[in-house]
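Residues per chain are reported as follows:
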Amino acid sequence: MTERLTGTSAAGGLLERYRDRLPITDETPMLSLGEGGTPLVRSRRLIERVGCKDLYFKLEMCNPTASFKDRGMVVAVARAAEARVRAVLCASTGNTSASAAAYAAHSGLEAFVLVPHGRVARGKLAQAVAHGARVLALRGNFDDALAIARNVSEKHPVSLVNSVNPYRIEGQKTAAFEIVDELGDAPDLLFIPVGNAGNITAYWRGFVEYYQAERAGQKPRLMGWQAAGAAPIVRGEPVDDPQTVATAIRIGNPASWEFAVTARDESGGQIDAVTDDEILAAYHLLAEEEGIFCEPASAACVAGLFKTAAESPESLRDRTIVCVITGHGLKDPETALAIETEATEVDADLSAVESAMGLA
Ligand code: AN7
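Here the structure is a predicted model, which is why all the values come from computation and not from measurement. (Residues numbered from 1 in each chain as written. Predicted model: local features only at pLDDT ≥ 70, side-chain atom pairs only at ≥ 80, totals over all residues. Heavy atoms only, no water.)

Participant: Help me understand the site of the ligand in this model?
Facilitator: Close to the ligand lie 23 residues, the nearest being Asn95, Thr96, Asn196, Ala197 and Thr326. At a separation of 2.7 Å, an oxygen atom of the ligand approaches a polar side-chain atom of asparagine 95. The backbone of alanine 197 places a nitrogen or oxygen atom 2.7 Å from an oxygen atom of the ligand. Taking 480 Å² as the accessible area of the ligand by itself, protein coverage stands at 99%. In this structure, the ligand is accommodated by the largest cavity. Elements that contribute at least two residues to the shell around the ligand include exactly α4 (95-107), α9 (198-212) and α13 (296-311). Of the residues belonging to the shell around the ligand, the class tally is nine nonpolar, 12 polar and two charged. (Near = heavy atom within 4 Å. Polar contact = N/O pair within 3.5 Å; in protein donor to acceptor, adjacent residues only side chain to side chain. Areas by Shrake-Rupley, 256 points an atom, 1.4 Å probe, with all protein chains shown as cover. 1 Å grid on protein atoms, 1.4 Å probe; cavity = no way out; pocket = protein on both sides within 12 Å on 5 of 7 lines; lining within 4 Å. Sits in = over half its atoms within 2 Å of the grid points. Helix = DSSP H or I, 4+ residues; strand = E, 2+ residues; numbered from the N terminus. Nonpolar A, V, L, I, M, F, W, Y, C, P; charged D, E, K, R; others polar.)

Shown next as structure tokens:
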């Protein structure tokens, strides 16, 4: 007998809500940590810099482990549990490991995570450790870690839950469904960061599926953004030593490269690069002018939107645009504190506080 679990969120989890559109069976445990159903927030201020009709942010940082990975992970881990594997395994720049660790804990599986030593934002490591995952810090980069993880999963009965696992892509496509359901149609343009290229692949699958089911009247152009120091798809060749402040997308040889190129071309979109300076500028503006504190990788797509607005403003006019905000800023406090002015220290006394506030 398979144990049946029910999600605690009032709306039910992703598996419950999209049961008909996900590869699950009657035996799949209905895991949920409350993933999906994330807010689509309308821009109030940054839209003025863009000059489009409507601008929205899909806050995937509001998922249970604070990134979009949970949508795919709930499906991948549920299927792994159904197959009665003992453990799940992933290579990760951080968010996949946090999500795998949480869903493994939720379902009573072991989790092994392979991360590039010294290159994972502290908050993400904290999550993996808190959930009891076995964290292996590899002396190498993400691409090395993924190659080894694939080998391990071929040799041993552990389930690889990177986005090369088809269940991950299937789960992540549900974000496109939610956008269409909320807007009443697909947006004209979707801006999204690109690392291992699984998410852009998943969104395209979701938009195409809803279009074919006549739930949407159009499909969006997909606008993907890599970091300039880690832009293999833009350059057309793998990058041996990728570098960027956006550690989540510090990936030199994306697993879903060909799917991403197909998504780009079929949608009439583009995949381009933004510099670390452009990423950090967008990161600050989102926090300071919209109240959205995301991690640097997420800001890459907003940097791409500003770049597009500067280079070809007419391509955005009268358009409805969605930016995918993939992960939370709290995951990477070092970046926030390194580049912000430090907090002002002040004596615990009213007049000192008043004068520090400029109210004296
Ligand atoms: C916040 O966790 O690859 O193009 O190992 O964490 O689907 O890879 C994370 C990727 C964007 C890129 N934004 O998505 C990992 C990992 C954030 C991310 C991406 C990631 P993909």
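Participant: Where do I start with the sheet that holds strand β3 (residues 87-91) in this structure?
Facilitator: Two strands in a sheet stick together by hydrogen bonds in their backbones, pointing the same way (parallel) or opposite ways (antiparallel). With parallel pairing, four strands are arranged side by side in an open sheet as β5-β4-β3-β6. The two strands at the open ends of the sheet, each matched to only one other strand, are β5 (134-138) and β6 (158-160). Direction aside, the axes of adjacent strands within the sheet are offset by 20° on average. Sheet analysis places strand β4 (residues 110-116) next to β5, joined by five bridges and oriented parallel. When the sheet's bridge partners are listed, valine 115 is paired in β5 with alanine 137. Here helix α6 (residues 142-155) sits on the sheet and contacts β3, β4, β5 and β6; the angle it forms with β3, its principal contact strand, is near 150°. (Pairing = 2+ DSSP bridges. Axes fitted to C-alpha atoms, helices over the stretch in contact; angles between N-to-C directions. Contact = heavy atoms within 4.5 Å.)

Participant: So what exactly am I meant to see when it comes to the packing of aromatic side chains here?
Facilitator: Between two aromatic rings, the relevant description is the distance of the centres plus the angle of the planes. What the rule picks out here adds up to five aromatic pairs. Ring geometry for phenylalanine 191 against tryptophan 225: centres 6.3 Å apart, planes inclined by 5°, an arrangement best described as stacked. Taken as a pair, phenylalanine 191 in strand β7 (residues 189-193) and tryptophan 225 in strand β8 (residues 221-227) lie far apart in primary sequence, 34 residues in all. Tryptophan 225 sits in the buried class, given a relative accessible area of 1%. Summarising the aromatic geometry, the rings of tyrosine 203 and phenylalanine 207 are spaced 6.2 Å apart at their centres and angled 40° between planes, so their arrangement reads as tilted. With tyrosine 203 and phenylalanine 207 both in helix α9, this residue pair falls four residues apart, about one helical turn. Taking the relative accessible area as the measure of exposure, phenylalanine 207 reaches 1% and is therefore buried. Aromatic ring contacts, followed pair by pair, group Tyr18, Phe177 and Tyr210 into a single cluster. Between arginine 21 and the ring centre of phenylalanine 177, over which it is positioned, the NZ or CZ distance is 5.8 Å. (Phe/Tyr/Trp six-rings, centres within 6.5 Å; stacked < 30°, edge-to-face > 60°. Buried < 20%, exposed > 50% of the residue type's maximum accessible area, 1.4 Å probe, protein only. Lys NZ or Arg CZ within 6 Å of the ring centre and 35° of its normal.)

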